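# Residue-level structure breakdown
Here are the chains, one letter per residue:
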Amino acid sequence: MGIVLSDKKEMEHMSLLSDITAIAGGFGVTLRHMLRRPVTIQYPEEKRTPYPRFRARIVLTRDPDGGERCVACYLCSAACPVDCISMQSAEQEDGRRYAAWFRINFSRCIFCGLCAEACPTMAIQMTPDYEICKRDIMDLLYEKEDLLIDGCGKDDSYNFYRHAGIGVTQLRGEGLEETKPVDVRSLMP
Amino acid sequence: MTTSSVDIALFATKIGLIFFVILTLAAYLVFAERRILAWVQDRKGPNRVGPFGLLQPLADLIKLLTKEDFLPAAADKWLFYLAPAMAAIPAIMIFAVIPFGAPLNVAGHTVPLVVADLNIGLLFFLALSSIAVYGVAIGGWASNSKYALLGGIRGLAQLISYELSMGLSLVPIVMLARSFSLTDIVNAQAGVPFIVYQPLAFIIFLISITAECKRIPFDLPEAEGELVAGFHTEYSGMRFGLFFVGEYINIIVLGGLATTLFLGGWHGPLLPPVVWFSLKTLSFAFFFIWMRGTLPRLRYDQLMHLGWKVLTPLALLNILITAWWLMLRT
Ligand code: SF4
Ligand code: SF4
């Protein structure tokens, strides 16, 4: 019994000691951090370079020939979780589809990148330009003119119509993964 | 006649100077706290307003003055308006009895660098520090809000659990100095500061004054994690500012008091006495800020436990040992 008691006492004593060392250790840690260089980046003066795949301002790109890539298929606007893409599809004389108008509401966009993932033509792409603050919220409505850029963005050799859109911008059988059309009259057994 | 008018002029200068220095210091302590806490967390803290952010207190002042002065519905108007003053004024009044430097000789007059050398200075401090809690309690009551009320209740409960140990921890000091006057206490420490004789009393006093100025780990009355902002939840603008500044004045004053009672006051080699006093006082302020960056908040019952079951018995024991030791010495 006596032994147990003294054991208990010793335990209490030990725990007090460890409490004190733990508190002192805590003070040591905070002191060390006080003397450490802060990790703060002084934003407007110092800017960090985001990674190339950083998801920020969205652009609409063109294909290598300079044509608009977007075929107004509405996939991006369907994929968008916050419904901030809207557009109106239209068709050219040659059957090539395009967006008559195309609007992204950046005040709602959460920069999730799902639109860029959904796009079959690589038209809509995310860029690392994250500084798109505006004083007036209406300025965050980006129209097609604001979105469309004069380049191909990330996939600079990709041209959707070279792979699909058969017969729209070139004759049948001219596409990259396309075989010549079969002449049914010469297709004799 | 002329002598007394000179005396009065010196007196007024002293009081004016103390007010100016303490209020400025309190404002800059807020700034220092924000910077030091930021460093603890690997941040930089406010550094935009002025060089190194040094004009930040001014910006804060302008902000507080221009904010809406809000009165909650069904609040007790007069008590609500009175409470912030009740919190700040006793804090600054304690400084009246703290000697902050060696007596000066100005134009043939000996000017003691203390506003009032009361022969019961220590009791005056204990009385005023208890009055300061009325600010908390009344503010919490008058706001007519649950959080504020809980904060006020906690403030009162906290008061009764640390006030006793604080008072008891000071008894050995009085026994050693044989006086309640703070000037005499400082003079008694000309050779060896009392912390050497009374390390236990010093630690008890340090813990108690941390509770007194409601700092982490004893910031239960305002516990922002549980009570929004505790007793000053409903306060806005400069009234909130008064509570806030009162807290920092309290830090300075209690740091000054700890310096006076345990670290030999303004005594120190080489540097002028006032500088020694400020250095010691500010090191307490730094310690409080450092502690805020380090320790978590205690639970309500833990504070009670600490106050009643640990600090008070220890302080009593310390009194007995000191008395025994003094008796053996004579
Ligand atoms: S990034 Fe996300 S939220 Fe923004 S437009 Fe694309 S799908 Fe919508
Ligand atoms: S941007 Fe892409 S996904 Fe959106 S409508 Fe145009 S082609 Fe379709």
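Note that this is a predicted model, so its numbers are computed, not measured.

Around ligand 2, a shell composed of 13 residues is seen, among which Cys70, Val71, Cys73, Cys76 and Cys119 of chain A lie nearest. Grouping the constituent residues of the shell around ligand 2 by class yields 12 nonpolar, one polar and no charged.

Our next topic: the pattern of salt bridges. Any two side chains of opposite charge can pair, on the condition that their charged atoms come close. All names here are of chain B. By the definition in use, this model includes 17 salt bridges over all chains. Two residues, Asp69 and Arg239, come together in a salt bridge whose shortest N-O distance is 3.1 Å. Taken as a pair, Asp69 in the loop between α2 (56-66) and α3 (77-94) and Arg239 in helix α10 (residues 237-262) lie far apart in primary sequence, 170 residues in all. Residue Asp69 is classed as partly exposed on the basis of its relative accessible area of 39%. Here Arg154 and Glu226 are joined by a salt bridge, their closest N and O atoms 2.9 Å apart. A residue pair is termed long-range when its members are at least 10 positions apart, and Arg154 in helix α5 (residues 146-177) and Glu226 in helix α9 (residues 224-227) qualify at 72 residues. Residue classification places Arg154 among the buried positions, given a relative accessible area of 15%.

What follows concerns the site of ligand 1. Residues in contact with ligand 1 amount to 13 residues; listed here are only the nearest, Cys80, Cys109, Cys112, Gly113 and Cys115 of chain A. Across the shell around ligand 1, the residue classes tally to 12 nonpolar, one polar and no charged.

On to the sheet that holds strand β5 (residues 141-142) of chain A. Taken in spatial order, the three strands line up as β2-β3-β5 (chain A) in an open sheet, and their pairing is antiparallel. With partners counted over all chains shown, the strands left at the sheet margins are β2 (85-91) and β5 of chain A, one partner each.

The phi dihedral of Tyr74 of chain A falls on the positive side, at around 70 degrees, and the residue is not glycine. Tracing the backbone shows Tyr74 of chain A in the loop between β1 (58-60) and α2 (75-79).

Locating Gln42 of chain A in the fold gives a position in the loop between α1 (2-35) and β1. Judged by its relative accessible area of 11%, Gln42 of chain A is buried.

A separate point is the packing of aromatic side chains. Any pair of aromatic rings gets described here by the distance separating the centres and the angle formed by the planes. Under the definition given, this model contains 22 aromatic pairs over all chains. Ring centres of Phe27 of chain A and Trp290 of chain B lie 5.1 Å apart, and the angle between their planes is 85 degrees; on these two criteria the pair is classed as edge-to-face. One end of the pair, Phe27 of chain A, is in helix α1; the other, Trp290 of chain B, is in helix α11 (residues 273-294), on a second chain. Classification of Phe27 of chain A by relative accessible area gives buried; the value is 10%.

Here the focus is the interface of chain B and chain A. Listed by partner, the interface residues are 15 residues for chain B and 16 residues for chain A. Between chain B and chain A the total buried area reaches about 1400 Å² when both faces are included, carbon and sulfur atoms providing 63% of it. Per-residue buried area on chain B facing chain A is highest for Asp42, Lys44 and Trp290 of chain B; these three make up 44% of the total on that side. Summed over the shared surface of chain B and chain A, the result is two salt bridges. Here Glu45 of chain A ties to Arg48 of chain B by a salt bridge, and the two come within 3.1 Å at their closest N and O atoms. For the interface between chain B and chain A, the tally reads nine residue pairs in polar contact (both at pLDDT 80 or more). For the side of chain B that touches chain A, the element with the highest residue contribution is α11 of chain B, accounting for six residues. For the side of chain B that touches chain A, the per-class residue count stands at eight nonpolar, three polar and four charged.

The residue Leu65 of chain B is located in helix α2 in this model. With relative accessibility at 54%, the residue Leu65 of chain B sits in the exposed group.

A word on the confidence of the model for chain B. When the pLDDT values of chain B are averaged, the result is 84; 98% of them are 70 or greater. For this predicted complex, the interface confidence reaches an ipTM of 0.75, while the overall pTM sits at 0.76.

Okay, the nonpolar core next. Residue and element names in this part refer to chain B. Phe125, Leu170, Phe205 and Leu261 are the most contacted members of the largest nonpolar core, which has 58 residues in total. Counting residues per element, this core draws most heavily on α10, which supplies 10 residues. Excluding residues within four positions of it along the chain, Phe205 makes contact with Phe125, Met166, Ser169, Leu170, Leu257, Ala258, Leu261 and Phe262.

Attention now moves to the pairing of β2 of chain A. Within a regular beta strand, the side chains point alternately toward one face of the sheet and then the other, so they alternate between its two faces. As paired elements, β2 of chain A and strand β3 (residues 97-105) of chain A share seven bridges and run antiparallel to each other. Bridge pairing in β3 of chain A places Glu91 of chain A opposite Arg97 of chain A.

What follows concerns the confidence of the model for chain A. In this model, chain A carries an average pLDDT of 84, and 92% of its residues clear a pLDDT of 70 or more. Contacts for the low-pLDDT stretch residues 1-5 of chain A, under 50 throughout, to residues beyond four places or in other chains number zero contacts.

Residues and elements named next belong to chain B. At a minimum axis distance of 8 Å, the contact between helix α4 (residues 121-142) and α5 shows a crossing angle of 175 degrees. When the interaxial angle is binned, α4 and α5 end up roughly antiparallel. Touching Leu122, Phe125, Leu126, Ser129, Ser130, Val133, Val136, Ala137, Gly140 and Trp141 of α4 are Ala148, Leu149, Gly151, Gly152, Gly155, Leu156, Leu159, Glu163, Met166, Gly167, Leu170 and Val174, all from α5. For the contact of α4 with α5, the class distribution of residues is 14 nonpolar, seven polar and one charged.

The rules we used
Residues numbered from 1 in each chain as written. Chains lettered and ligands numbered in written order. Predicted model: local features only at pLDDT ≥ 70, side-chain atom pairs only at ≥ 80, totals over all residues. Heavy atoms only, no water. Near = heavy atom within 4 Å. Nonpolar A, V, L, I, M, F, W, Y, C, P; charged D, E, K, R; others polar. Salt bridge = Lys/Arg side-chain N within 4 Å of Asp/Glu carboxyl O. Helix = DSSP H or I, 4+ residues; strand = E, 2+ residues; numbered from the N terminus. Buried < 20%, exposed > 50% of the residue type's maximum accessible area, 1.4 Å probe, protein only. Pairing = 2+ DSSP bridges. Phe/Tyr/Trp six-rings, centres within 6.5 Å; stacked < 30°, edge-to-face > 60°. Contact = heavy atoms within 4.5 Å. Buried area = accessible area lost by both parts, 1.4 Å probe. Polar contact = N/O pair within 3.5 Å; in protein donor to acceptor, adjacent residues only side chain to side chain. pLDDT = per-residue confidence, 0-100. Core = buried A, V, L, I, M, F, W, Y, C linked by side-chain atoms within 4.5 Å. Axes fitted to C-alpha atoms, helices over the stretch in contact; angles between N-to-C directions. Parallel < 35°, antiparallel > 145°, perpendicular 65-115°, else oblique.

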